[in-house]
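Given next are the chains, with one letter for each unit.
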Amino acid sequence: MLVLISPAALSILSDAFKLNWRSLADIGQTYGAISAVVSAVALAGVAVSLILQGRALLIAREQTARTFHNELLKLSMDDEVLIRCWGTHPDSPLYFHKQHIYINIIFSHWEALFEIGMLDEMGLRHGLARELFPAEAPRTFWEEHGSDRIRSRRKMSKRRKRVVEIVDEEYRKAIASGPPLVAALPNQESAKQNRISSRQVANATILGVVLVAGAVGGLKILRKLLSLFGSSHFR
């Protein structure tokens, strides 16, 4: 209704206030140009918003896939039968598989944090140099699986490629610095070996005491026999 009555209303206003519509028309065209610029900026904003939403959706889908993958790994960590389903190193001890699964989860977590900007390059290098690669297990993991990740970089995003490069660089620095400070053998195995060694020492001690006691007892019996027979030659 406003559109339909606007010509009559403008005519009434023109007669009442004696407006110069040509001048107003020129001003209106100026506002029209500014409106076109604002509309273009708004359209560009909508396009950028759609791109960001698409990226966020892609990250969410990837994060969901990683979460599901980590859950599968966690299930196999507590079950020796399920660990064998992965098909890697079937003759390796159980702790070896658990360590590799746990390290894989750590790498995936740091990779996701770096990709979304919650972890910078300095923090990633610090974590690798100070927390992971001083240990033997992370070095073994990257030695076996690092080449596969390097070969598959073409399918990764730019930030994920950078993560692989940083991890490989810190791994090589750790190898050049010398042997690992933390062995891969769990403490339980070391304690078991210590218990076995202590048991062997105890058994050897008991055996030595028995032998000494037997020798002393045999010597006393021999002396009694000799004194009984009265043989001065053997005294």
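The preceding data block contains the structure.
Residues numbered from 1 in each chain as written. Predicted model: local features only at pLDDT ≥ 70, side-chain atom pairs only at ≥ 80, totals over all residues. Heavy atoms only, no water.

Draft legend 1. A look at the overall build of the protein. Broken down by element type, the protein carries eight helices and zero strands. Going residue by residue from the N terminus, the α and β elements of the protein occur as α-α-α-α-α-α-α-α. Across the 235 residues in the protein, those meeting the buried criterion constitute 22%. Within the protein, contacts between residues separated by at least 24 positions form 63% of all contacts whose residues are at least 6 apart in sequence. Looking at the protein as shown, the accessible area adds up to about 17500 Å², and 64% of this sits on carbon and sulfur atoms. (Helix = DSSP H or I, 4+ residues; strand = E, 2+ residues; numbered from the N terminus. Buried < 20%, exposed > 50% of the residue type's maximum accessible area, 1.4 Å probe, protein only. Contact = heavy atoms within 4.5 Å. Areas by Shrake-Rupley, 256 points an atom, 1.4 Å probe, with all protein chains shown as cover.)

Draft legend 2. Region of the structure containing the nonpolar core. In terms of nonpolar packing, the biggest core is built from 20 residues, with Phe-107, Trp-110, Leu-124, Leu-128, Phe-133, Trp-142 and Val-167 touching the most fellow members. For this core, the elements supplying multiple residues, two or more each, are α4 (94–115), α5 (121–132), α6 (136–151) and α7 (158–177). Here this core gets six residues from one element, more than from any other, and that element is α7. With residues up to four places along the chain from it excluded, the contact list for Trp-110 reads Leu-119, Leu-124, Gly-127, Leu-128, Glu-131 and Leu-132. One finds Met-77, Ile-83, Ile-101 and Ile-105 within the second-largest nonpolar core, a separate group that totals five residues. (Core = buried A, V, L, I, M, F, W, Y, C linked by side-chain atoms within 4.5 Å.)

Draft legend 3. Molecular detail of the packing of aromatic side chains. The tally for this structure, following the rule as stated, stands at three aromatic pairs. Here the aromatic rings of Phe-107 and Trp-142 are separated by 5.8 Å at their centres, their planes lie at 65°, and the arrangement is edge-to-face. With a gap of 35 residues between them, Phe-107 in helix α4 and Trp-142 in helix α6 connect regions that are remote in the sequence. A relative accessible area of 4% places Trp-142 in the buried class. Members of the aromatic cluster, joined through ring pairs, are Phe-107, Phe-141 and Trp-142. (Phe/Tyr/Trp six-rings, centres within 6.5 Å; stacked < 30°, edge-to-face > 60°.)

Draft legend 4. Structural detail: α7. Along its 20 residues, α7 runs 29 Å from first to last C-alpha, staying within 8% of the 28 Å computed at 1.5 Å per residue. For α7, the set of buried residues is Val-163, Val-164, Ile-166, Val-167, Asp-168, Glu-170, Tyr-171 and Ala-174. Elements that come into contact with the buried residues of α7 comprise α4, α5 and α6. Of the residues one or two after α7, Gly-178 is the one with positive phi, at around 130°. (Expected span 1.5 Å × (residues − 1).)

Draft legend 5. Expanded view of the layout of surface pockets. Within this model, the second largest pocket holds a volume of roughly 220 Å³. For the second largest pocket, the full set of lining residues is Glu-62, Arg-66, His-69, Asn-70, Asn-104, Ser-108, Glu-111, Arg-149, Met-156 and Arg-160. At the level of elements, α2 (21–77) and α4 are the ones that each hand at least two residues to the lining of the second largest pocket. Per element, the largest residue contribution to the lining of the second largest pocket is four residues, and it comes from α2. Taken together, the residues of the lining of the second largest pocket break down into one nonpolar, four polar and five charged. (1 Å grid on protein atoms, 1.4 Å probe; cavity = no way out; pocket = protein on both sides within 12 Å on 5 of 7 lines; lining within 4 Å. Points joined across faces, edges and corners; volume = space filled by probe spheres on them. Nonpolar A, V, L, I, M, F, W, Y, C, P; charged D, E, K, R; others polar.)

Draft legend 6. How the structure looks around the packing of α5 against α7. Relative to each other, α5 and α7 sit at 40°, their axes nearing to 10 Å. Where α5 crosses over α7, the handedness of that crossing is right-handed. Contacts between α5 and α7 involve Glu-121, Leu-124, Arg-125, Leu-128 and Ala-129 from the first element and Arg-162, Val-163, Ile-166, Val-167, Glu-169, Glu-170 and Lys-173 from the second. Considered class by class, the residues forming the contact of α5 with α7 number six nonpolar, no polar and six charged. (Axes fitted to C-alpha atoms, helices over the stretch in contact; angles between N-to-C directions. Left-handed = near helix turned anticlockwise from the far one by under 90°.)

Draft legend 7. Expanded view of the environment of His-97. When you line up the elements, His-97 lands in helix α4. For His-97, a relative accessible area of 6% translates into the label buried. Each C-alpha atom of the pair His-97 and Arg-84 lies 9.1 Å from the other, and the pair is 13 residues apart in sequence.

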